[in-house]
Amino acid sequence: MAGSGAPLQRVGMFGGAFDPPHTAHRALALAALEQLRLDALHVMPTGQAWHKARTLSPAHHRIAMCERAFGDLPRARIDRRETERLGPSYTADTLAELRAEYPQATLYLVLGADQLLAFKSWVRWEEVLSLATLAVANRPTDIGAQALRGDAPLIDLSRVDLPFVPLRMPLQHISATALRAKLAADPAEGPPLDLLVPDAVASYISQHHLYQTAS
């Protein structure tokens with residue numbers, strides 16, 4: 001750990017729509033902080049997502065939910081820069097900014113296995129690799145609307161021809177897609193919401209009546 005006032009040596013970026021942030025997101029943040037020995041983890045809600053067909057929930061809601069999901073984790077920082085950026089959000093741009101802010105640090109990009117499989121479709125993915133070490137946690141193959149059933153096997157990463165550091169964390173059959181589908185269709189069906197998202201996030205979703213229609 002860097003001492004007070006000393007340059008940070010190990011900095012992570014954990015990006016995503018976080019629509020909503022759920023318990024698997026929090027577990028991944030904890031795994032990254034502990035296993036990578038990070039001095040700081042920038043939790044980065046996506047701004048204008050170039051790769052998503054659907055419209056994301058308004059940024060202020062996603063930021064507020066991230067504050068409730070990750071705000072108590074030591075060394076986690078909710079970073080709003082992508083939501084404040086005009087135009088599409090590209091990870092390469094954000095990592096370049098972090099590199100300028102932390103010129104002496106090792107940068108890590110924290111990902112789920114599904115993102116790793118799609119990595120070479122990212123804009124300027126080679127630049128991303130030159131800026132940061134990929135840190136990857138495995139997850140089930142089914143991360144769609146049926147993910148909460150919990151019967152999907154792990155993603156096979158054995159043939160991935162990209163360098164990455166594996167992160168160990170308990171397997172969680174949960175996805176934001178499944179959560180939105182559950183809340184839009186029948187919130188009472190399946191596991192209770194407070195088992196799928198942190199309590200404060202569940203309260204925020206209920207208070208603001210989010211995800212009332214399918215998305």
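Thresholds, definitions, all that
Residues numbered from 1 in each chain as written. Predicted model: local features only at pLDDT ≥ 70, side-chain atom pairs only at ≥ 80, totals over all residues. Heavy atoms only, no water. UniProt positions renumbered as here; feature names shortened; annotations may be inferred. Helix = DSSP H or I, 4+ residues; strand = E, 2+ residues; numbered from the N terminus. Areas by Shrake-Rupley, 256 points an atom, 1.4 Å probe, with all protein chains shown as cover. Pairing = 2+ DSSP bridges. Axes fitted to C-alpha atoms, helices over the stretch in contact; angles between N-to-C directions. Phe/Tyr/Trp six-rings, centres within 6.5 Å; stacked < 30°, edge-to-face > 60°. Buried < 20%, exposed > 50% of the residue type's maximum accessible area, 1.4 Å probe, protein only. Core = buried A, V, L, I, M, F, W, Y, C linked by side-chain atoms within 4.5 Å. Contact = heavy atoms within 4.5 Å. Salt bridge = Lys/Arg side-chain N within 4 Å of Asp/Glu carboxyl O. Polar contact = N/O pair within 3.5 Å; in protein donor to acceptor, adjacent residues only side chain to side chain.

Per an unreviewed UniProt entry, the protein carries the name Probable nicotinate-nucleotide adenylyltransferase and comes from Hydrogenophaga borbori. According to the UniProt record, the Pathway (unreviewed entry) comment for the protein is "Cofactor biosynthesis; NAD(+) biosynthesis; deamido-NAD(+) from nicotinate D-ribonucleotide: step 1/1." Per UniProt, the comment on the protein under Catalytic activity (unreviewed entry) is "nicotinate beta-D-ribonucleotide + ATP + H(+) = deamido-NAD(+) + diphosphate".

A. Representation of the overall build of the protein within the structure. The secondary structure content of the protein amounts to nine helices and eight strands. Just so you have it, the protein exposes about 10,300 Å², and 52% of that area is on carbon and sulfur atoms.

B. Structural detail: the sheet that holds strand β2 (residues 40-45). In spatial order, the strands read β4-β2-β1-β6-β7-β8; together these six strands make up an open sheet with parallel pairing. Two strands in the sheet have a free side with no partner beyond their single neighbour: β4 (76-78) and β8 (165-167). Direction aside, neighbouring strands of the sheet carry axes that sit 30° apart on average. In this sheet, β2 lies alongside strand β1 (residues 10-16) in parallel orientation, the contact comprising six bridges. Along β2, the bridge assignment pairs Phe14 with Val43.

C. Seen up close, the packing of aromatic side chains. In this structure the tally under the stated criterion is five aromatic pairs. Their ring planes at 70° and their centres at 5.5 Å tell us that Phe18 and Phe70 sit as a pair that is edge-to-face. In this pair, Phe18 is assigned in the loop between β1 and α1 (23-35) and Phe70 in helix α2 (residues 59-70), connecting sequence segments 52 residues apart. When the ring of Phe119 is compared with that of Trp125, the centres are 6.1 Å apart and the planes differ by 70°; the resulting orientation is edge-to-face. With relative accessibility at 0%, the residue Phe119 sits in the buried group. An aromatic cluster of at least three residues, connected via ring pairs, comprises Phe14, Phe18 and Phe70.

D. Expanded view of the nonpolar core. Membership of the largest hydrophobic core comes to 35 residues, with the highest contact counts inside it found for Phe14, Leu36, Leu41, Phe70, Val110, Leu167 and Ile205. If you list the elements that add at least two residues to this core, you get α1, β2, α2, β6 (106-112), β7 (133-137), α7 (176-185), α8 (193-196) and α9 (199-208). The contact partners of Leu36, leaving out residues within four places of it in the chain, are Arg10, Ala31, Tyr108, Val110, Ala135, Val165 and Leu167. The next biggest cluster of nonpolar side chains, apart from the first, holds 27 residues, and it includes Ala40, Leu109, Leu157 and Val160.

E. Molecular detail of the pattern of salt bridges. Evaluation of the coordinates by the stated rule reveals nine salt bridges. With its nearest N and O atoms 2.9 Å apart, the salt bridge here joins Asp79 to Arg81. Of the two residues examined, Asp79 and Arg81, each falls in the buried class. Connected through shared salt-bridge partners, Asp79, Arg81, Arg85, Glu97 and Glu101 make up one network.

F. Examining the side chain of Thr46 more closely. Its location among the elements puts Thr46 in the loop between β2 and β3 (48-49). Not counting chain neighbours up to four residues away, the residues in contact with Thr46 comprise Gly16, Ala17, Leu56, Arg62, Glu82 and Thr83.

G. The side chain of Asp39, seen in detail. Within the element layout of this structure, Asp39 appears in the loop between α1 and β2. A distance of 2.8 Å separates the side chain of Asp39 from the backbone nitrogen of Gln9, its partner in a polar contact.

H. Structural view of unusual backbone geometry. Pro20 follows Asp19 through a cis peptide bond whose omega is 5°. With respect to the helices and strands, Pro20 occurs in the loop between β1 and α1. The phi torsion at Arg37 lies on the positive side, around 55°, for a residue other than glycine. Looking at the secondary structure, you find Arg37 in the loop between α1 and β2. Despite not being glycine, His209 has its phi angle at roughly 55°, a positive value. Considering the arrangement of structural elements, one finds His209 in the segment after α9.

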